[in-house]
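Summary of structural features
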Amino acid sequence: QIKITVFSWNAKFIIKLEAGPYEQVYKIPDEEVEGNLEKVKAMITPEFIEQNKARFLQMRNDFSDTIKQLQS
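Residues numbered from 1 in each chain as written. Predicted model: local features only at pLDDT ≥ 70, side-chain atom pairs only at ≥ 80, totals over all residues. Heavy atoms only, no water.

It is worth spelling out the overall build of the protein chain at this point. Within the protein chain one finds 2 helices and 3 strands. The N-to-C order of helical and strand elements in the protein chain reads β-β-β-α-α. The dimensions of the protein chain, computed from C-alpha atoms along their principal axes, are 50 × 25 × 15 Å. Contacts in the protein chain between residues far apart in sequence, at least 24 positions, make up 36% of those at least 6 positions apart. Counting only carbon and sulfur atoms, one obtains 53% of the accessible surface of the protein chain, whose full area is about 5,400 Å². (Helix = DSSP H or I, 4+ residues; strand = E, 2+ residues; numbered from the N terminus. Contact = heavy atoms within 4.5 Å. Areas by Shrake-Rupley, 256 points an atom, 1.4 Å probe, with all protein chains shown as cover.)

What follows deals with a nonpolar patch on the surface. Residues F63, I67 and L70 make up a contiguous nonpolar surface patch of roughly 320 Å² in combined accessible area. Turning to its location among the elements, I67 is positioned in helix α2 (residues 46-71). The class for I67 is partly exposed, based on a relative accessible area of 32%. (Patch = residues over 30% accessible without salt bridge, like charges linked within 9 Å, V, L, I, M, F, W, Y side chains within 5 Å. Salt bridge = Lys/Arg side-chain N within 4 Å of Asp/Glu carboxyl O. Buried < 20%, exposed > 50% of the residue type's maximum accessible area, 1.4 Å probe, protein only.)

Before going further, it helps to spend a moment on the sheet that holds strand β1 (residues 3-9). Spatially, the 3 strands line up as an open sheet ordered β1-β2-β3, and their pairing is antiparallel. Sheet topology places β1 and β3 (22-29) at the edges, where each strand pairs with a single neighbour. With direction set aside, neighbouring strand axes in the sheet form an average angle of 20°. Bridge analysis of strand β2 (residues 12-19) against β3 gives 8 bridges, and the strand direction is antiparallel. Bridging across to β3, L17 finds its partner in Q24. Seen against the sheet, α2 touches β1, β2 and β3 and runs at an angle of roughly 135° to β3. (Pairing = 2+ DSSP bridges. Axes fitted to C-alpha atoms, helices over the stretch in contact; angles between N-to-C directions.)

Before going further, it helps to spend a moment on the pairing of β1. The two faces of the sheet receive side chains in turn, since in a regular strand these alternate between them. Here β1 runs beside β2; their pairing, made up of 7 bridges, is antiparallel. The residue bridging I4 from the neighbouring strand is L17, located in β2. In sequence, β1 turns back onto β2 through a hairpin of 2 residues, with N10 there showing a positive phi of about 55°.

One can find W9 in strand β1. For W9, a relative accessible area of 58% translates into the label exposed. Taking the C-alpha atoms as reference points, W9 and D30, separated by 21 residues in sequence, lie 9.4 Å from one another.

The quantities given are spatial measurements derived from coordinates; they are silent on function.
Here it is as structure tokens:
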């Protein structure tokens, strides 16, 4: 349901989550995780994923509400 990609770019790790047309991005400075990809992966816990799923649902609901308001 959620595509998770981790990038390393410009002295940051970037965690990108995608669900349908929606995205969430977290930027983590290298120094916070000592430049260690395994520490970044350890941050992506089941709880983290569940919280982001809920946020994706809220994003979808907010967008749907906006579309409905425009059509009224």
